[in-house]
Amino acid sequence: MNVRIHSSWEKALSETFASTQFSELTTFVKSDYQQFNCYPPGSMIFEAFDRCPFDQVKVVLLGQDPYHGPGQAHGLAFSVPKGIAHPPSLINIFKEIESDVGHPYPQQGDLSVWADQGVLLLNATLTVRAHRPGSHQGKGWEQFTDQVIATLSKQRNNLVFLLWGNFAKKKSKLIDGSKHCILTTGHPSPLSANRGYWFGNGHFSRCNTYLQSVGKSTIDWSLAY
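Residues numbered from 1 in each chain as written. Predicted model: local features only at pLDDT ≥ 70, side-chain atom pairs only at ≥ 80, totals over all residues. Heavy atoms only, no water.

Visitor: How do you make sense of the overall build of the chain when you look at a structure like this?
Guide: The helix and strand inventory of the chain stands at 10 helices and six strands. Overall size of the chain, expressed as C-alpha extent along the three principal axes, is 45 × 35 × 30 Å. Expressed as a percentage of contacts within the chain between residues at least 6 apart in sequence, the contacts between residues at least 24 apart total 66%. One way to put it: in the chain the 20 positive side-chain charges average out to a point 4 Å from where the 17 negative ones average out. (Helix = DSSP H or I, 4+ residues; strand = E, 2+ residues; numbered from the N terminus. Contact = heavy atoms within 4.5 Å. Lys, Arg positive; Asp, Glu negative; His and termini not counted. Charge placed at Lys NZ, Arg CZ, Asp CG, Glu CD.)

Visitor: Explain the sheet that holds strand 3 (residues 119–123) here, please?
Guide: Sheet strands line up and pair through hydrogen bonds in the backbone, either parallel or antiparallel. With parallel pairing, four strands are arranged side by side in an open sheet as 3-2-5-6. Two strands close off the open sheet at either side, each with one partner strand: strand 3 and strand 6 (181–185). Neighbour-to-neighbour, the strand axes of this sheet turn through a mean angle of 20°, independent of strand direction. The sheet contact formed by strand 2 (residues 59–63) and strand 3 spans five bridges and is parallel. Pairing of Val59 across the sheet is with Val119, part of strand 3. Here helix 7 (residues 141–155) sits on the sheet and contacts strand 2, strand 3 and strand 5 (160–164); the angle it forms with strand 3, its principal contact strand, is near 150°. (Pairing = 2+ DSSP bridges. Axes fitted to C-alpha atoms, helices over the stretch in contact; angles between N-to-C directions.)

Visitor: Would you explain the pattern of salt bridges in this entry?
Guide: Note that side chains of opposite charge can pair when their charged atoms are close. Per the counting criterion, the structure on display carries four salt bridges. A salt bridge links Arg51 to Asp116, with the shortest nitrogen-to-oxygen separation between them at 2.9 Å. On the criterion of sequence distance, the pair formed by Arg51 in helix 4 (residues 47–51) and Asp116 in the loop between helix 6 (112–115) and strand 3 is long-range, its members being 65 residues apart. Arg51 sits in the partly exposed class, given a relative accessible area of 31%. When salt bridges that share partners are traced, they join Glu47, Arg51 and Asp116 into one network. (Salt bridge = Lys/Arg side-chain N within 4 Å of Asp/Glu carboxyl O. Buried < 20%, exposed > 50% of the residue type's maximum accessible area, 1.4 Å probe, protein only.)

Visitor: Explain the packing of helix 5 (residues 88–101) against helix 10 (residues 203–213) to me, please; I cannot follow it from the model alone.
Guide: Relative orientation and spacing of two packed helices are given, respectively, by the angle between their axes and the distance between those axes. The geometry of helix 5 relative to helix 10 is characterised by a closest axis approach of 8 Å and an angle of 60° between their N-to-C directions. What the angle tells us is that helix 5 and helix 10 run oblique. Here helix 5 contributes Ile93, Glu96, Ile97, Asp100 and Val101 to the contact with helix 10, which in turn contributes His203, Phe204 and Ser205. When grouped by side-chain class, the residues that make up the contact of helix 5 with helix 10 number four nonpolar, two polar and two charged. (Parallel < 35°, antiparallel > 145°, perpendicular 65-115°, else oblique. Nonpolar A, V, L, I, M, F, W, Y, C, P; charged D, E, K, R; others polar.)

Visitor: What exactly am I supposed to notice about the pairing of strand 5 here?
Guide: For a regular strand, side chains alternate in direction, first toward one face of the sheet and then toward the other. Of all five residues that make up strand 5, five are buried, and the element is covered over most of its length. Neither face of strand 5 is open: one carries Val160, Leu162 and Trp164, the other Phe161 and Leu163, and all of them are buried.

Visitor: What is the right way to look at the packing of aromatic side chains in this model?
Guide: Here the distance between the centres and the angle between the planes together describe a pair of aromatic rings. Tallied over the entire structure, the rule returns 18 aromatic pairs. Centroid distance Phe78 to Trp164: 5.6 Å. Interplanar angle 50°. Geometry classified as tilted. Of the two residues, Phe78 is situated in the loop between strand 2 and helix 5 and Trp164 in strand 5; the sequence distance between them amounts to 86 residues. The exposure class assigned to Phe78 is buried, which follows from its relative accessible area of 9%. (Phe/Tyr/Trp six-rings, centres within 6.5 Å; stacked < 30°, edge-to-face > 60°.)

Visitor: Mind showing me how you'd approach the packing of helix 3 (residues 20–35) against helix 7 here?
Guide: The interhelical angle for the contact between helix 3 and helix 7, taken along N-to-C directions, is 130°, at an axis separation of 9 Å. In terms of orientation, helix 3 and helix 7 fall into the oblique class. As for the relative orientation of helix 3 and helix 7, their crossing is left-handed in sense. Along its contact with helix 3, which presents Gln21, Phe22, Leu25 and Val29, the element helix 7 presents Trp141, Gln143 and Phe144. The class makeup of the residues in the contact of helix 3 with helix 7 is five nonpolar, two polar and no charged. (Left-handed = near helix turned anticlockwise from the far one by under 90°.)

Visitor: Sorry if this is basic, but what is going on with the pairing of strand 3 here?
Guide: Most of strand 3 is tucked away, with five of its five residues classed as buried. Side chains of strand 3 alternate between two faces, with Val119, Leu121 and Asn123 and Leu120 and Leu122 buried alike.

Set out below in structure tokens:
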């Protein structure tokens, strides 16, 4: 698998890309894509990075695994292409945005416009086999994305990290809380949200309040309706 990624990330992660561990990961991913249906399409595995160059990141929103159904995953955490039905977690994200900052529930679930504004929509695992959730976990992606988070924490200042759910919260150990804003809450999945661990977190307005306080432009969380 030839890694095609925005040049800013090639520079920031050069040692990671040159490592034996990453070489073994790419061998596994290439083999699985050849043998099985896997998502997202190969050309979109690094879509989050291509949409959001290293020096333009303002917010890191961490997901866990790509969607594993046909046509859903396109390289951006929680996002689906236009015309694809909204998965349950995305529905709850949009409901919280409507409640928190007043943007009406959108008709489409493509979050590319967030990525273009500096939101790194990062899944901890960047690939998955069709209909097999978690099938590419434990193969090396987590080490790669941990390095992404640690590098951003070290080399950038005043970023917002949105950590939703227990899995994401564990990543806080990779982040220097003295120079970044870390916001944690429950996962937006129905299981968590229905227990009262998601709604009312106010993360979208709190994120913008912090960005404004450090002199950065805020995120327009609305989508085309």
